[in-house]
Amino acid sequence: MTSTFLPDRRTDSDVAPTSATAASSRGRARRRLLNWLTAVGFQVPALVLFIGLVILPMLFALYAAFFRWGGFGMPSDYVGGDNFTRLFQDDVFLGDLWRCLLLIALSLAIQLPFALAMAVALNQRLRGRAVYRMLFFAPYVLSEAITGVLFSMIFAPGDGLADHVLGSIGLGGVGGEWFADPSYVMATLFLVMTWKYFGFHMMLYLAGLQSVPAELTEAALIDGAGPWQRFRNVTLPLLAPTLRISVFLSVIGAIQLFDLVWVITQGGPDHHSETMAVTMFQYGFKRYQVGYASAISVVMFGICLVFALAYQRFVLRRDLEGATTTMRGDGK
Amino acid sequence: MGDRALSRRGFLAASAAAGLGMTALSACGGGSDGGSSDGTTTIEWWNISTTEPTHTVWAGLAKKFEAQNPKVKVKIVQLENDAYKSKMTALTASGKLPDIFHTWGGGVLQQQVDAGLVEDLTDRTKPWSDGLLSVAKQPYLLDKKMYGIPFDIGMIGFWYNKALFKQAGISTPPTTWSGFLDAVGKLKAKNITPIALAGKEKWPGMYYWAYLAMRTAGIDALQKAADNKDFSDPGLIQAGQHLKDLVGLKPFQKGFLGAAYSTPTGQAATMGNGKAAMELMGQWAPVVEADSGKGLGSDLGFFPFPAVEGGKGAITEVFGGGGGHALRKGAPQAAVDFLKFFASEATDLELVKKTNTLPIVPGAEKALSDPNTKAVQAQLKAATGFQLYLDQAYAPAVGQEVNDSVAALIAGSKSPEQVTQSITKTAKEA
C-alpha cells in the first residue's frame, strides 16, 4: 500500500532536489498533503469494508475460540485453551487433518499430473482442440452444489448412471456403494474433485505453455533431443512458475473443501468424508457450540496462513523476485 | 503484480474460511420491520413446506388471508427442513428472527426463548387457542407459557407396503420386537428389502433408538437422562443392543448410508416406489412418498412401533411431535391475526383434507378420510405417553450427538455402550 507514495516522492525530489526556499517547501508540503488525502479518500471505502467484514469477524472468531459460547449474546464463559485441547483429542478432527493430507497428496500425485498431461496434449496441433479445451474446462464453471447433486445421482448405488454404465459393459459387479461405502467414499469424492478441477489447472498450464518460446524447443530438437528430453529439460523448467501457483491453489482448495462434501455426503458415512470446514459447520450451525467451532476455524486459518507464508517464502521466492520489496531486503 | 494478486488471494481464501462462521452470522440478519408508508404491513412467514401439495395449499392460504386483510402482505420464505434448521441457527445468533417461523417446540424453542427472541403468546392468543387440542400444544408450552401455535400433530410409526408383506407371507403387522425381527427375516428370504433408511441424514436412524429406548428403559428415563446429564441407564444400552440386532440382519436398502430422505434416490422414494417394505417415519410419510416417488396408494399401511418383551414401556406410548409457528418478539399484530387465521376451523379443515396433516381443532376431525391418517389419529388419541423428537426435546448439542452416535452404531463403528457414553459426555460439556 505504501508503494503508492513512493513514485510521487521520488518525482518531487527529482523536480526540486535542491530547492530550499520557504515558499516552495510550503507548496511541496501542500502537494504532499493533497496526495495523501487523495490516497486516503480512495482507500477508506475499501478499508472500511475490509476491516468490517473480514478483519473484525476474524478477530472476533479468535476471541470466541477461548470461550464456551452458544452463539447468543456476548461470550462470557472463558475456558482458556480448552477448546483447542479438546479439538486435538477429537477423533473426528484428527481424521479431518488426515483426510486433508490425503486429498492434498492425491491432488499433487494424480490430479495435477493428469491436468499437465492433458494440457501438453491439447497444446499440440490437433483437430478440434478448442472444443476439447472448452469441454474439459466446462466442469470448473459449474457450481459446486450442482456438481454435488449431479454426482450423488450418478453414483446412486444400484440405480445410478455409473452402475448402469458399468453393468452395460459387463462390469456389473464392479460398482460398489460409492459414496455410501466408508472405505470408498474418499476415492469417489476425489474422482469428482478431479473431474471438477483438472480443467482449471489444465487451463493454467496451457497458458504457461503458450509462453514457452518455440525457438528453445526447436533448438533442442536440432541438438537431437527426443520428445521426453524436450519436455523434461525445456518445457517443464519453463512451466515451473505456473506449476508452483497451481500447487498452491490446489493445496489451499483442499484445506478448505466444504461445498462438495456437504452436498454429497454431509461428511458421512460415519464421518469418513468429513473435512475441517464440515466439522466446523456441524458444531457452529447444528450444535450451537460456536466457541468450539471458532476454535476449528482458527486452526484452519492458522494452517492456511502458515502454509501460504512458508510457500511464498521458500517456493515462490524466485517467481516473486523484484515484485516484492521486503522479502530479501530490497531485492538483494 | 504476481505477488499482490497471489498474496491477496491466499489471504482472502484463508480468511474466508476463518471468517465463515462469523460473517455468515452477520450477513444473514436482514429482517424487516414491515411497516411502510401506505399503511400496509408486510409479515414474513418462514416455513418448511417445500413439498407438494402443501407448498401450493399454503400459498393459497396466504392469499386468502391477504384478501381478508387488505392492509397486510404475507411474504413466504420456504426452506428445506435441514437447511431451515441451519439458517435458523444463524438467525437466532444474529438476534433477529422472522415475524412468523416454523418451530417444533422443545429444547430448540426454549433456547430461542431464553435468548429473549420469541413472543409470549399466552395472553394474546388465549381467547381462541384454548380450543385447540391440548396434546398438540404440549411442545410449545414452556414454563406454563405458550410460545407457539400448532398446525399439525403427529407421531412416528412404521409405514408398510401391504403387497410386499403379503408376498413374504406376513399376515398381520408385528406387535413385538421379536415378531418384528422375524418379519424382517421373512422379507429378506423373499429377496425384498425390508427397510428403507436415510443414513446420510441421521435423524431417521435416531427414531429407532429413541423408540427402543422408550420401550426398554421407559418414557421417563429419556427425560431423566437429559436432566441428570447421564445416559448410562442399562435400559438405554439395551436399546442400542436391540438396534444392533436389527442392523445385524442387514435390513436396509443398498447404499443406505449415503441415502438422503426426500431426494429422488432417498428413503421416501425407495419406499414410495415399492422397493422396500417398511420405513419408520412420521405422519407426513405418505405425502413425501408420493412426491419423491410414485406413492403406494391403498397398498400403504401403518402400524405402531412394536413393544419390546420385558421392557418398561408400552406399545401405546408414542414418539412424535408436530409442527407449529412461533412469532419473533415484537411481531406486529397482523402476525397474531395470521396465527388465528391459520388455526381456525376453516383453515384446519383445508389442511386436513388437502395436505394430510392431523387436526388440531376438534371440529376438523370430520375431514379425515384417509384410513392411514385415521389410524395415526386413533393411535395418538389413545396414547398413554408422549415423547417429543429427541433432536428437538434436547438441547441442540445433545440432540445432534444422539443422531450422530446412533448413526455410528448403525454404521457399525460404535457399540451400544459407546453411544450412551458419547451422549453423556456431550451432555456434560454443553
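Residues numbered from 1 in each chain as written. Chains lettered and ligands numbered in written order. Predicted model: local features only at pLDDT ≥ 70, side-chain atom pairs only at ≥ 80, totals over all residues.

**Some remarks on the domain arrangement of chain B**
All names here are of chain B.
(1) Moving on: Under the domain assignment, chain B is made up of domain 1 (34-155 + 321-386) and domain 2 (157-319 + 389-429).
(2) Moving on: For domain 1 versus domain 2, the separation of C-alpha centres amounts to 27 Å.
(3) Moving on: With 27 residues of domain 1 in contact, the opposing surface of domain 2 contributes 27 residues.
(4) Moving on: Of all elements in the fold, only helix H4 (106-114), strand S6 (149-155), helix H16 (371-381) and strand S11 (385-388) reach the threshold of two or more residues within the side of domain 1 that touches domain 2.
(5) Moving on: Of the residues forming the side of domain 1 that touches domain 2, the biggest block, six residues, is contributed by H16.
(6) Moving on: Residues that form the side of domain 1 that touches domain 2 fall into these classes: 10 nonpolar, 15 polar and two charged. (Domains from an automatic or database assignment. Contact = placed C-beta atoms within 7 Å. Helix = DSSP H or I, 4+ residues; strand = E, 2+ residues; numbered from the N terminus. Nonpolar A, V, L, I, M, F, W, Y, C, P; charged D, E, K, R; others polar.)

**Section: the sheet that holds strand S9 (residues 300-303) of chain B**
All names here are of chain B.
(1) Moving on: Ordered in space as S8-S7-S9, the three strands form an open sheet in which the pairing is antiparallel. Since the sheet does not close on itself, it has two edges, and those belong to strand S8 (278-281) and S9, each with one partner. Strand-to-strand, the axes of this sheet are offset by a mean angle of 30 degrees, without reference to chain direction.
(2) Moving on: As paired strands, strand S7 (residues 157-161) and S8 are joined by four bridges and run antiparallel to one another. Its bridge partner being in S8, Gly-157 is matched across the sheet by Met-281.
(3) Moving on: The sheet contacts of H16 involve S7 and S9, and relative to S9 the element is tilted by about 5 degrees. (Pairing = 2+ DSSP bridges. Axes fitted to C-alpha atoms, helices over the stretch in contact; angles between N-to-C directions.)

**With respect to the packing of helix H2 (residues 54-68) of chain B against helix H15 (residues 345-355) of chain B**
Residue and element names in this part refer to chain B.
(1) Moving on: Between H2 and H15, the shortest axis-to-axis distance is 10 Å and the interhelical angle comes to 160 degrees. The pairing of H2 with H15 is recorded here as roughly antiparallel in orientation. Of the two possible hands of crossing, H2 and H15 adopt the one that is right-handed. Contacts between H2 and H15 pair Thr-54, Val-57 and Leu-61 from the former with Thr-347, Glu-350, Lys-354 and Thr-355 from the latter. (Parallel < 35°, antiparallel > 145°, perpendicular 65-115°, else oblique. Left-handed = near helix turned anticlockwise from the far one by under 90°.)

**What to know about the nonpolar core**
(1) Moving on: Within the largest apolar cluster, 190 residues are counted, with the highest numbers of intra-cluster contacts made by Ile-296 of chain A together with Trp-159, Trp-209, Ala-210, Ala-213 and Phe-338 of chain B.
(2) Moving on: Broken down by element, the residue count for this core peaks at 11 residues, all from helix H13 (residues 290-315) of chain A.
(3) Moving on: With residues near it in sequence (within four places) discarded, Ala-213 of chain B still touches Ala-221, Leu-222, Gly-235, Leu-236 and Ala-239 of chain B. (Core = buried A, V, L, I, M, F, W, Y, C linked by C-beta atoms within 7 Å. Buried ≥ 20, exposed ≤ 12 C-beta atoms within 10 Å, placed from the backbone.)

**Some remarks on helix H19 (residues 416-429) of chain B**
Residue and element names in this part refer to chain B.
(1) Moving on: Spanning 14 residues, H19 covers 20 Å between terminal C-alpha atoms, matching the ideal 20 Å at 1.5 Å per step.
(2) Moving on: Along H19, the residues that are buried comprise Val-419, Thr-420, Ile-423, Thr-426 and Ala-427. For H19, the buried positions fall inside an angular range of 130 degrees around the axis, keeping them on one side. (Expected span 1.5 Å × (residues − 1). Arc of directions from axis to C-beta.)

**Thoughts on the pairing of S6 of chain B**
Residue and element names in this part refer to chain B.
(1) Moving on: Within S6, seven of the seven residues are buried, leaving the element largely enclosed by the surrounding structure.
(2) Moving on: Inspection of the sheet shows S6 paired to strand S10 (residues 317-327) by six bridges, in the antiparallel sense. Bridge pairing in S10 places Met-155 opposite Gly-320.

**Describing the confidence of the model for chain B**
All names here are of chain B.
(1) Moving on: With 91% of its residues at a pLDDT of at least 70, chain B reaches an overall mean of 87.
(2) Moving on: Predicted confidence is poor over residues 1-35, with pLDDT under 50, and the contacts of this stretch with residues over four places away or in other chains come to 72 contacts.
(3) Moving on: In the predicted complex, the global pTM is 0.80; the interface-specific ipTM is 0.78. (pLDDT = per-residue confidence, 0-100.)

**Things to note about the confidence of the model for chain A**
Residue and element names in this part refer to chain A.
(1) Moving on: Taken over all residues, the pLDDT of chain A has a mean of 86, while the share at 70 or more is 89%.
(2) Moving on: Here residues 1-17 is a poorly scored stretch, pLDDT under 50, and it has four contacts once near neighbours within four places are set aside; other chains count.
(3) Moving on: Counting interchain partners and residues more than four positions distant, the pLDDT-below-50 stretch residues 327-332 has four contacts.

**Comments concerning the environment of Ile-51 of chain A**
(1) Moving on: Along the chain, Ile-51 of chain A turns up in helix H2 (residues 22-64).
(2) Moving on: Along the chain, Ile-51 of chain A and Trp-178 of chain A lie 127 residues apart, while their C-alpha atoms are 44 Å from each other.

**A closer look at the packing of helix H9 (residues 203-216) of chain B against helix H18 (residues 396-411) of chain B**
All names here are of chain B.
(1) Moving on: Where H9 contacts H18, the two axes come as close as 8 Å, and the packing angle between them is 85 degrees. Here H9 lies roughly perpendicular to H18, going by the angle between them. Each of Trp-203, Gly-205, Met-206 and Trp-209 in H9 lies in contact with H18, whose residues at this interface are Val-402, Asn-403, Val-406, Ala-407 and Ile-410.
(2) Moving on: Here the contact of H9 with H18 is composed, by residue class, of seven nonpolar, two polar and no charged.

**Re helix H8 (residues 177-189) of chain B**
All names here are of chain B.
(1) Moving on: With 13 residues, H8 should cover 18 Å at 1.5 Å per step; its first-to-last C-alpha distance of 18 Å lies within 8% of that length.
(2) Moving on: Residues Trp-177, Phe-180, Ala-183, Val-184 and Leu-187 constitute the buried set of H8. Along H8, the residues classed as buried sweep out an arc of 110 degrees about the axis, all on the same side.
(3) Moving on: In this structure, the buried residues of H8 make contact with helix H7 (162-167) and helix H11 (234-248).
(4) Moving on: Following H8 by one or two positions, Asn-191 adopts a phi angle in the positive range, close to 65 degrees.

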